[in-house]
Amino acid sequence: MALGAVAEPPVRRRGSDYAQLSRRISQAGLLERRPGWYVTRIAFTFGAFVAGWVAVFLLGDSWWQLPLAALMAVATTQVAFLGHDAGHRQMFRRRGPSELVGLLAGNAAVGLSYGWWVDKHNRHHANPNHEDEDPDVGAGALVWTPEQALETRGFGRWMAQRQAYFFFPMLLLEGLNLHVASIRAIVGRENGKYTVPMRHRAAEAALLVAHTAAYVALLLAVMSPVKALLFAVVHQALWGLYMGCAFAPNHKGMPMPTAEDELDFLRKQVLTSRNVRGSVLVDTTLGGLNYQIEHHLFPNMPRANLRRAQPIVHAFCVEQGIPYAETGLVESYRQALGHLHEVGRPLRG
């Protein structure tokens, strides 16, 4: 679906449409928790993650640590996907167990503030692709609308003209950006108040410190400072790249509603999201985020149920005449990069 198609959405609010779809999904049992699946997934993912760090320790001062750093970037991203699921309470109905898994996966294992991410991600889910409400499309290193592009100056304007070419290289810095944003979220204050609401600020800070100390200590204990630095660079850069590649296909290049667009919940979520078709391997690689439409409609649906929900949601959208965007992985990147390039057009005029 091309950018700008949101200018002609149905303006009628039909809240009952989502209720009808929700009933179909519920009757299919797809909102039921999958404790067995998640126990297996958690055990396997954390097991592989810990095994990877044991391998780092046993391998010692070797240049083979660099390929291992790449494998650890994959393991780290898979752990981060578990934190995502915990944040949506896909694993447990109760907040306590969900937050425990989220803190362990995010702060302790990955070095990412769980509380900051939940606050930011919930705002994204509430208003996906909304320039003023969705923090994921606010102007920053990248710009997402021609208006944002025209507001850039200096080096930022030069980058905005060419941002499609720099998108993937910039993702190599995304891991560092996530770590810095996590620290800022924990300590940031304005007018005497913390800028980011967080339920377990002290615990999050302690876990981030412990993560950083353990990470640095392990690398320096088993390899030379040069190899340790290179390991960290490869690990963090590829983790950021993997994370960015998992999230980029979901909304980039999809319509961006404004305050003038009267969209009910169903249409707001479907029209701004894009699915990526593929096998179970794609499901695993992207952490289930390839079913972005279903995930946005039912964020607490267990990841394992998204594939089964997809044909039900698709069929309902066809019945209602709602465009349902689905494409292959490579094409999803092409569309996202095409949007980034188009946004910079006014600056290349």
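Because the structure is predicted, anything quoted here is derived from the model rather than measured.

### Observations regarding the nonpolar core
Core analysis: the largest hydrophobic core is formed by 35 residues, its most contacted members being Trp53, Val56, Trp116, Leu219 and Phe231. If you list the elements that add at least two residues to this core, you get α2 (35-59), α3 (65-87), α4 (95-110), α5 (114-126), α8 (174-187), α9 (201-222) and α10 (225-247). Examining the composition of this core, we find that seven residues originate from one element, α3, more than from any other. Each residue touching Leu219, except ones within four places of it in the same chain, is listed here: Trp53, Val56, Ala228, Phe231 and Ala232. Leu21, Val270, Tyr291 and Ile322 belong to the second largest nonpolar core, which has 19 residues in total.

### Some words on α5
Across its 13 residues, α5 extends 18 Å between first and last C-alpha, which sits within 8% of the 18 Å expected from 1.5 Å per residue. For α5, the N-terminal cap is Ser113; the gap from its side-chain oxygen to the backbone nitrogen of Trp116 is 3.1 Å.

### Remarks on a nonpolar patch on the surface
On the surface, a nonpolar cluster with roughly 410 Å² of combined accessible area is contributed by Val50, Val54, Phe57 and Leu58. Along the chain, the position of Phe57 falls in helix α2.

### Some words on the packing of aromatic side chains
Counted by the stated rule, this structure contains 11 aromatic pairs. For the pair Trp37 and Tyr38, a centre-to-centre distance of 4.8 Å together with 90° between the ring planes defines the contact as edge-to-face. Measuring from ring centre to ring centre gives 5.7 Å for Phe155 and Trp158, while their planes differ by 20°; the resulting arrangement is stacked. In this pair, Phe155 and Trp158 both sit in helix α7 (residues 154-171), three residues apart, roughly one turn of the helix. Residue classification places Phe155 among the exposed positions, given a relative accessible area of 59%. Put simply, the rings of Phe49, Trp53, Tyr215 and Phe231 touch in pairs and so form one group of aromatic residues. The ring of Trp63 is capped by Lys227, whose NZ or CZ atom sits 4.5 Å from the centre of that ring. Directly above the aromatic system of Trp144 lies the positively charged group of Lys252, at a separation of 4.5 Å from the ring centroid.

### Some details on the side chain of Gln292
Relative to the helices and strands, Gln292 is located in helix α13 (residues 292-297). In contact with Gln292, not counting residues within four places along its chain, are His124, Asn250, His251, Ser273, Arg274 and Asn275.

### Points about the environment of Leu347
Here Leu347 lies in helix α16 (residues 345-348). With sequence-adjacent residues up to four places away left out, Leu347 is seen in contact with Ala149, Leu150, Thr152, Arg157, Ala160 and Gln161.

### Observations concerning the pattern of salt bridges
Applying the stated criterion across every chain, the model contains 12 salt bridges. The partner of Asp17 in a salt bridge is Arg267, with the nearest N and O atoms 3.0 Å apart. Taken together, the residues span a long stretch of sequence, with Asp17 in helix α1 (residues 15-27) and Arg267 in helix α11 (residues 265-271) at a distance of 250 residues. Taking relative accessible area as the criterion, Arg267 reaches 1% and is therefore assigned buried. A salt bridge links Glu342 to Arg345; the shortest N-O distance between them is 3.0 Å. Through salt bridges that share partners, Asp17, Asp264 and Arg267 make up one connected network.

### Concerning the side chain of Arg274
For Arg274, the location among the structural elements is in the loop between α11 and β3 (275-276). With no salt bridge to any partner, buried Arg274 finds its closest opposite charge in Glu331, at an N-O distance of 7.4 Å. Of note is the side chain of Arg274, whose polar atom sits 2.6 Å from the backbone oxygen of Pro249. Separated by 3.0 Å, the side chains of Arg274 and Gln335 make a polar contact.

About the cut-offs
Residues numbered from 1 in each chain as written. Predicted model: local features only at pLDDT ≥ 70, side-chain atom pairs only at ≥ 80, totals over all residues. Heavy atoms only, no water. Core = buried A, V, L, I, M, F, W, Y, C linked by side-chain atoms within 4.5 Å. Buried < 20%, exposed > 50% of the residue type's maximum accessible area, 1.4 Å probe, protein only. Helix = DSSP H or I, 4+ residues; strand = E, 2+ residues; numbered from the N terminus. Contact = heavy atoms within 4.5 Å. Expected span 1.5 Å × (residues − 1). Polar contact = N/O pair within 3.5 Å; in protein donor to acceptor, adjacent residues only side chain to side chain. Patch = residues over 30% accessible without salt bridge, like charges linked within 9 Å, V, L, I, M, F, W, Y side chains within 5 Å. Areas by Shrake-Rupley, 256 points an atom, 1.4 Å probe, with all protein chains shown as cover. Salt bridge = Lys/Arg side-chain N within 4 Å of Asp/Glu carboxyl O. Phe/Tyr/Trp six-rings, centres within 6.5 Å; stacked < 30°, edge-to-face > 60°. Lys NZ or Arg CZ within 6 Å of the ring centre and 35° of its normal. Lys, Arg positive; Asp, Glu negative; His and termini not counted.

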